[in-house]
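If you want the building blocks of each chain, they are given just below.
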Amino acid sequence: MPRPPIGRGAVLVPGPDAYSPGRLTAGNAAGLLVGHWNTSPYGATGGIWRGGTTRYLDGSNEPTAVNDAGIVVGDAVSHYDRQAFRWVNGTYQLLGFLGGTDGLGGRRSSASAINRAGAIVGFSSTDSGAEHAALWWGPRPRDLGTLGGPSSHAVAVSAAGRIVGSSITAGGQTHAFVWSAGTLHDLGTLGGPSSTAVAVNERGQVVGSSDTATGARHAVLWERGRTIDLGTLPGDSASSAVAINSAGQVLVSSSGAANGAFLWQAGRRIPLQVPGGDLDAVGLNDQGVVCGTVTVPRISGTAHAFRWRAGRLTDLGTLGGAFSSAWAITPTGIVLGSATTTASVPKAVFWPADH
């Protein structure tokens with residue numbers, strides 16, 4: 001098989017210094033991109049890039065998501081502590097906890113996602129010492145509760161306010177949940193003991209992974225009361241959903257002798273595979289464009305970021321070094337990630353859209 005075509009070159013987003021590894025992790029349709037640089041063993045410098053200019057956040061921060069209005073969320077981080085934050089129009093605000101203990105690291109929170117209306121979801125410590133799924137509108141969080149067990153975590157929120165995540169049940173198992181209108185609903189499993197949710201779209205479709213009755217782990221779609229097994233690529237033994245878009249396309253990671261992926265829609269699986277190599281798919285936008293990282297042993301065994309569109313996989317290349325990796329894709333098709341230079345330091349980069 002010929003080597004995948006090389007795409008448009010990586011665009012460097014300079015970090016606070018020349019030595020700290022960096023990556024871009026999220027972006028919106030207006031071209032606001034966020035990421036961070038690991039400036040110390042227990043700290044990071046967060047950055048917000050727009051129109052060729054990077055603004056660095058004070059303190060130690062890891063931005064994780066940004067909505068269409070340009071509100072950035074993430075975590076302030078240190079050796080023992082983590083606290084969710086919100087940044088909007090130059091104003092930085094730490095978000096409150098549900099509770100916590102007075103011991104070292106006894107108060108922790110994390111912001112995973114934000115919707116277009118500004119609802120932020122993640123988790124926070126509680127006075128019991130457990131972590132609960134949390135929702136922030138203002139600085140104080142709302143406790144979303146659990147499925148009967150001690151802990152829960154929220155990972156995504158739709159524009160309609162549906163929140164998904166996972167919780168420990170009263171029986172000690174992990175189950176996916178959806179929270180809507182003040183109620184936490186157990187989404188169940190594919191017949192096995194556990195499940196997790198990773199994403200929700202504006203139709204209310206939820207995706208994740210679940211144990212099956214036979215002990216396998218498969219990608220799953222929860223839709224209108226149905227639990228749908230998305231299966232695997234032929235010959236593979238396990239799969240897990242990565243993302244879902246507004247059209248109901250589901251990006252699924254599939255593994256067996258090698259790692260691959262497929263795009264699922266209405267029962268059809270479109271494979272994303274590279275013969276003789278491994279493919280790690282991480283992002284999907286509403287146009288059906290996928291990004292990730294591919295490793296092909298016959299091409300020096302190096303990992304490169306890729307973009308996949310309509311059956312065509314494009315190698316996105318590097319900054320002159322050996323490696324690159326993709327972390328996310330924006331609504332307009334910009335791929336975000338990191339790439340090495342000849343000095344082998346991973347730099348924060350983006351690859352412009354291919355249209």
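Preceding this paragraph is the structure being described.
Because the structure is predicted, anything quoted here is derived from the model rather than measured.

K.L.:
Help me understand the overall build of the protein chain in this model?
P.N.:
Along its length, the protein chain carries zero helices and 32 strands. A compact globule built from 355 residues should have a C-alpha radius of gyration of about 20 Å, and the protein chain, at 20 Å, falls within 12% of that. Taken along the three principal axes of its C-alpha coordinates, the protein chain extends 55 × 50 × 35 Å. Expressed as a percentage of the 355 residues in the protein chain, the buried residues total 55%. Across the protein chain, contacts joining residues at least 24 apart in sequence account for 38% of those joining residues at least 6 apart. Total accessible area on the protein chain is roughly 14,900 Å²; 51% of this is exposed by carbon and sulfur atoms. Of the charged side chains in the protein chain, 24 are positive and 21 negative; the average position of the first set lies 8 Å away from that of the second.

K.L.:
Just checking my understanding: could you explain the packing of aromatic side chains for this structure?
P.N.:
Centre distance and the angle of the planes are the two values used to describe a pair of aromatic rings. Inspection of every chain in the model, using the stated rule, returns three aromatic pairs. Summarising the aromatic geometry, the rings of Trp-49 and Phe-350 are spaced 5.0 Å apart at their centres and angled 55 degrees between planes, so their arrangement reads as tilted. Of the two residues, Trp-49 is situated in strand 4 (residues 43–50) and Phe-350 in strand 32 (residues 346–351); the sequence distance between them amounts to 301 residues. There is no split in this pair, since Trp-49 and Phe-350 are both buried.

K.L.:
Help me understand the sheet that holds strand 14 (residues 148–157), please; the structure alone is not making it clear to me.
P.N.:
Hydrogen bonding along the main chain pairs the strands of a sheet, whether they run parallel or antiparallel. Spatial strand order, 14-15-16-17: four strands in an open sheet with antiparallel pairing. Looking at which strands have only one partner, the edges of the open sheet turn out to be strand 14 and strand 17 (183–188). On average, adjacent strands in this sheet sit at an angle of 35 degrees to one another, irrespective of strand direction.

K.L.:
Any chance you could explain the sheet that holds strand 30 (residues 324–329) here in plain terms?
P.N.:
Pairing within the open sheet is antiparallel, and its four strands lie in the order 1-32-31-30. Edge positions in the sheet fall to strand 1 (11–12) and strand 30, since each of these pairs with one other strand and no more. Bridge count for strand 1 against strand 32 is two bridges, and the pairing is antiparallel. Its bridge partner lying in strand 32, Leu-12 is registered against Val-349.

K.L.:
Explanation requested: the pattern of salt bridges in the structure shown.
P.N.:
Inspection of the entire model under this criterion finds seven salt bridges. Each member of the salt-bridge network shares a partner with another, and the members are Glu-62, Asp-75 and Arg-82.

K.L.:
What exactly am I supposed to notice about the nonpolar core here?
P.N.:
Grouped together as the largest cluster of nonpolar side chains are 15 residues, with contacts concentrated most on Leu-263, Leu-272, Leu-279, Val-290, Phe-306 and Trp-308. Of all the elements in the fold, those that place two or more residues in this core are strand 24 (259–265), strand 26 (278–284), strand 27 (290–295) and strand 28 (303–309). Aside from chain neighbours lying at most four places away, what touches Phe-306 is Leu-279, Asp-280, Ala-281, Val-290, Cys-291, Gly-292, Thr-293, Val-294, Leu-313, Thr-314 and Leu-316.

K.L.:
Can you help me understand the pairing of strand 22 (residues 238–244) in this one?
P.N.:
The sheet contact formed by strand 22 and strand 23 (residues 250–255) spans six bridges and is antiparallel. If you follow Ala-243 over to strand 23, its bridge partner there is Leu-251.

K.L.:
Teacher, can you tell me more about the pairing of strand 26 here?
P.N.:
Each regular strand shows side chains that alternate between the opposite faces of the sheet. Note: strand 26 against strand 27, six bridges, orientation antiparallel. By the bridge assignment for strand 27, Asp-280 is matched with Thr-293. Between strand 26 and strand 27, which pair antiparallel in sequence order, lie five residues; one of them, Gly-288, sits at a positive phi of approximately 80 degrees.

K.L.:
Can you help me understand the side chain of Thr-25 in this one?
P.N.:
Looking at the element boundaries, Thr-25 is found in strand 2 (residues 22–27). Polar contacts involving the side chain of Thr-25 include one to the main-chain carbonyl oxygen of Pro-63, which spans 3.2 Å. Dropping the residues within four chain positions of it, Thr-25 is found in contact with Val-34, Gly-35, His-36, Pro-63, Thr-64, Ala-328 and Leu-336.

K.L.:
Teacher, can you tell me more about the environment of Asp-315 here?
P.N.:
Residue position: Asp-315 is located in strand 29 (residues 312–315). Judged by its relative accessible area of 6%, Asp-315 falls in the buried class. Between the C-alpha atoms of Asp-315 and Ala-113, which are 202 residues apart in sequence, the distance is 29 Å. Here the side chain of Asp-315 touches His-304 through a polar contact of 3.0 Å, side chain to side chain.

K.L.:
What's the story with the environment of Arg-82 in this structure? I'm lost.
P.N.:
Mapped onto the secondary structure, Arg-82 falls in strand 8 (residues 82–88). Each C-alpha atom, one on Arg-82 and one on Arg-108, is 5.1 Å from the other, the two residues being 26 residues apart in sequence. With near-sequence residues (within four places) excluded, Arg-82 lies in contact with Glu-62, Asp-75, Ala-76, Val-77, Phe-97, Arg-107, Arg-108, Ser-109 and Ser-110. Of the polar contacts made by the side chain of Arg-82, one reaches the side chain of Asp-75; its length is 2.9 Å.

K.L.:
Help me understand unusual backbone geometry in this model?
P.N.:
Across residues other than glycine, the phi torsion is negative in most instances, and most of the peptide bonds are trans. A positive phi angle, near 50 degrees, is found at Arg-224, a position not held by glycine. By relative accessible area, Arg-224 is classed as exposed at 85%. Positive phi, normally seen in glycine, also occurs at Ser-344, with a value near 70 degrees.

K.L.:
Would you mind showing me how to read the side chain of Ser-210 here?
P.N.:
Among the structural elements, Ser-210 can be located in strand 19 (residues 206–212). Once you skip the residues sitting within four places of it in the chain, Ser-210 turns out to touch Thr-189, Leu-190, Ser-194, Ser-195, Ala-216, Arg-217, His-218 and Val-220.

Rules used throughout
Residues numbered from 1 in each chain as written. Predicted model: local features only at pLDDT ≥ 70, side-chain atom pairs only at ≥ 80, totals over all residues. Heavy atoms only, no water. Helix = DSSP H or I, 4+ residues; strand = E, 2+ residues; numbered from the N terminus. Rg over C-alpha atoms; globule rule 2.2 N^0.38 Å. Buried < 20%, exposed > 50% of the residue type's maximum accessible area, 1.4 Å probe, protein only. Contact = heavy atoms within 4.5 Å. Areas by Shrake-Rupley, 256 points an atom, 1.4 Å probe, with all protein chains shown as cover. Lys, Arg positive; Asp, Glu negative; His and termini not counted. Charge placed at Lys NZ, Arg CZ, Asp CG, Glu CD. Phe/Tyr/Trp six-rings, centres within 6.5 Å; stacked < 30°, edge-to-face > 60°. Pairing = 2+ DSSP bridges. Axes fitted to C-alpha atoms, helices over the stretch in contact; angles between N-to-C directions. Salt bridge = Lys/Arg side-chain N within 4 Å of Asp/Glu carboxyl O. Core = buried A, V, L, I, M, F, W, Y, C linked by side-chain atoms within 4.5 Å. Polar contact = N/O pair within 3.5 Å; in protein donor to acceptor, adjacent residues only side chain to side chain.

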